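Working through the structure, step by step
In case you want the letters, here they are:
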Amino acid sequence: MDANHLKLLNFFAAGILVNTLMMSMLSATEEIKLFMHKPWILECNKTVLQLEMEKCGERFKTDMEEVDPQNWCNLTHFIGEYHFFSACTEDNAVKIGCFWPNPVVEHYIIRIHKQFFSNCTLKSAVWGDPSEDTLIILILVPVFLTLTMVALVVWCSKRSDILA
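Residues numbered from 1 in each chain as written. Predicted model: local features only at pLDDT ≥ 70, side-chain atom pairs only at ≥ 80, totals over all residues. Heavy atoms only, no water.

Let me state the cut-off plainly: UniProt positions are given in the numbering used here, feature names are shortened, and annotations may be inferred rather than shown by experiment.
The protein chain has the name Receptor activity-modifying protein 3 in an unreviewed UniProt entry, where Pygocentrus nattereri is given as its organism. On record in UniProt, under Sequence similarities (unreviewed entry), the comment for the protein chain is "Belongs to the RAMP family." According to the UniProt record, the Subcellular location (unreviewed entry) comment for the protein chain is "Cell membrane".

Structure follows, in structure tokens:
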């Protein structure tokens, strides 16, 4: 056997060996086994979570006392305080080992919203019909564009011998 053929055969065999080893290292079953053997898993303690939510809420209530109640419906006046409250609830839930959001956190956030933002309903916009001139334009422009495109396609298909 030629030396070059022997080198090629050895290279091919080494490639198959490396591929086999890499595939066994990256298989899905190995990945599942790795994640199943965690040294410790936090379990969500809802009582501790509720106490932490109360702490976040107290800080938010204190911050909101500095905002004029007439501005409670304008988010630009308290966006920083609300962001801190939201981040506090998320960070504490994760630290305790709970998902965020979860029913305990959602219930507490709804209580905060009812306390501060219950009078912030938006007035619904009253939509009126457009004027007759606007309506005519909105109808006729697409109709004429469609007719123009159809005429252009027909004209080009008749003149295919010249355009080709």
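So, the nonpolar core
In plain terms, the rule: Remark: nonpolar core denotes a set of buried residues (Ala, Val, Leu, Ile, Met, Phe, Trp, Tyr, Cys) joined through side-chain atoms within 4.5 Å. In this scheme, a residue with accessible area under 20% of its type's maximum is buried, one over 50% is exposed, and one in between is partly exposed, where area comes from a 1.4 Å probe on protein chains only. Secondary structure counts use DSSP, requiring at least four H or I residues in a row for a helix and at least two E residues in a row for a strand, with both numbered from the N terminus. Whether two residues are in contact is decided by their heavy atoms, any of which lying within 4.5 Å being enough.
In this structure, L49, F60, M64, F85 and F116 are the most contacted members of the largest nonpolar core, which totals 20 residues. Elements with a minimum of two residues in this core: helix 3 (46–65), helix 4 (79–96) and helix 5 (103–117). The leading source of residues in this core is helix 5, at seven residues. Each residue touching F85, except ones within four places of it in the same chain, is listed here: C56, G57, F60, Y108, I109 and I112.

A word on the environment of L49
Summarising the element assignment, L49 is placed in helix 3. As a C-alpha pair, L49 and K95 span 46 residues in sequence and 9.5 Å in three-dimensional space. In this view, L49 contacts C44, A93, I96, C98, N102, V104 and V105; residues no more than four positions away in its chain are not counted.

Some remarks on the packing of helix 4 against helix 5
Put simply, the rule is: Fitting a line to C-alpha atoms yields each axis, with helices limited to the stretch in contact; the angle taken between N-to-C directions then spans 0 to 180 degrees. Between 65 and 115 degrees an angle is taken as roughly perpendicular, under 35 as roughly parallel, over 145 as roughly antiparallel, and anywhere else as oblique. Here is the rule for handedness: rotate from the far helix to the near one, and if that takes an anticlockwise turn smaller than a right angle the crossing is left-handed, while a clockwise turn gives right-handed. Note on residue categories: nonpolar means Ala, Val, Leu, Ile, Met, Phe, Trp, Tyr, Cys or Pro, charged means Asp, Glu, Lys or Arg, and polar means any other residue, Gly included.
Between helix 4 and helix 5, the least distance of the axes is 11 Å, while the angle of their chain directions is 165 degrees. By the angle between their axes, helix 4 is roughly antiparallel relative to helix 5. The two elements helix 4 and helix 5 cross, and the hand of that crossing is right-handed. The segment helix 4 lies against helix 5, with Y82, F85, T89 and A93 engaging V105, Y108, I109, I112, H113 and F117. In terms of residue class, the contact of helix 4 with helix 5 is built from eight nonpolar, two polar and no charged.

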